Every structure is written in structure tokens, then in C-alpha cells.
Amino acid sequence: MELTYTPQGDYLLPNLTLSEAETTIGKYGMMRKTFLKTERKGMYAHLMLSEQLNQHLADIDRTAREQIERTIQELLTSHPAPDKSSDPLAWTGHMNNLKLQAEELILTELIYH
């Protein structure tokens, strides 16, 4: 491995770049990152040093969103929502409740594991 350096005043700084491409990380990926940083420091360091952290977080985020959508659909079949046009507040409350239930399942199984 050969390094090149750039002069900055009296110092030579190495030209370092990340080989990972920029990926967007959503809410669940950020929650996973915080969990790894605080509770699983070894795994966080390993993923970061092997340049797999961003990919791992993007995968977790995508998987969490897919599972939440699937769980909400399953919950809707067993607990149908009230009519949106006649009672929009009850419909909104019901849908928020289903989303919170689905998120709680995902957080324990996927994010904080």
C-alpha cells in the first residue's frame, strides 16, 4: 500500500479516501448506529474499520421499513380501521396505533439485537 501526501504548511498530510459510496440512512438505520455505538462497541468498530457500516445501516433501514409495512398490513386484516371519510380522527388514531405496534416489534427484533 503506497500513500501519497499533500503539503499543508509545515506538515505533510496523507491523502486518504473512503472506498464506500455515500448511502442515505433513514430513521431505523440511525437508531441502529446509535445502539451499536453505545452497546456493541466492538461490532461497531469492526463494521467501521471494514468499511461495511454504511451498507449494514442501509440494509437494516430498508429491512425495517419493509417489515413495518408488512406488519401493518397483517394487523389491518385482523383489526380493520374505521371508515376514514366518516371518522378521520378515529382512522388516524387507529393507523398510528398499528404503526407503533409494528415499530415496537421491529425495534426489539431488528434494531436492538
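Preceding this paragraph is the structure being described.
Residues numbered from 1 in each chain as written. Predicted model: local features only at pLDDT ≥ 70, side-chain atom pairs only at ≥ 80, totals over all residues. Heavy atoms only, no water.

Peer 1: Teacher, can you tell me more about the overall build of the protein chain here?
Peer 2: In terms of helices and strands, the protein chain carries 4 helices and 2 strands. Its helices and strands in sequence order give the protein chain the pattern β-β-α-α-α-α, from N to C terminus. In terms of C-alpha radius of gyration, the protein chain reaches 21 Å, well past the compact-globule figure of 13 Å for 113 residues. By its C-alpha atoms, the protein chain is 75 × 30 × 20 Å across when sized along the principal axes. Every one of the 113 residues in the protein chain was classed for burial, and the buried ones make up 25%. In the protein chain, 60% of the contacts between residues at least 6 apart in sequence involve partners at least 24 apart. Accessible area for the protein chain stands at about 8,400 Å²; split by element, carbon and sulfur atoms hold 56% of it. For the protein chain, the separation between the mean place of its 11 positive charges and that of its 16 negative charges on side chains is 4 Å. (Helix = DSSP H or I, 4+ residues; strand = E, 2+ residues; numbered from the N terminus. Rg over C-alpha atoms; globule rule 2.2 N^0.38 Å. Buried < 20%, exposed > 50% of the residue type's maximum accessible area, 1.4 Å probe, protein only. Contact = heavy atoms within 4.5 Å. Areas by Shrake-Rupley, 256 points an atom, 1.4 Å probe, with all protein chains shown as cover. Lys, Arg positive; Asp, Glu negative; His and termini not counted. Charge placed at Lys NZ, Arg CZ, Asp CG, Glu CD.)

Peer 1: I'm lost on the side chain of Thr71 in this one. Help?
Peer 2: Along the chain, the position of Thr71 falls in helix α3 (residues 53-78). Once residues within four sequence positions are removed from consideration, Thr71 is found in contact with Ala102 and Leu105.

Peer 1: Help me understand the pairing of strand β1 (residues 5-8), please; the structure alone is not making it clear to me.
Peer 2: A regular strand carries its side chains on alternate faces of the sheet. In this sheet, strand β2 (residues 11-14) lies alongside β1 in antiparallel orientation, the contact comprising 4 bridges. Bridge pairing in β2 links Gln8 to Tyr11. Between β1 and β2, which pair antiparallel in sequence order, lie 2 residues; one of them, Gly9, sits at a positive phi of approximately 70 degrees. (Pairing = 2+ DSSP bridges.)

Peer 1: Please explain the nonpolar core as it appears in this structure.
Peer 2: If you look at soluble globular proteins, the nonpolar side chains tend to sit buried side by side. With 13 residues, the main nonpolar core has Tyr28, Ala64, Ile68, Ile72, Ile106, Leu110 and Ile111 as its most contacted residues. Elements with a minimum of two residues in this core: α3 and α4 (88-111). In terms of residue count, α4 provides more of this core than any other element does, 7 residues in total. Ignoring anything within four residues of it in the chain, the contact list for Ile72 reads Met95, Leu98, Lys99 and Ala102. (Core = buried A, V, L, I, M, F, W, Y, C linked by side-chain atoms within 4.5 Å.)

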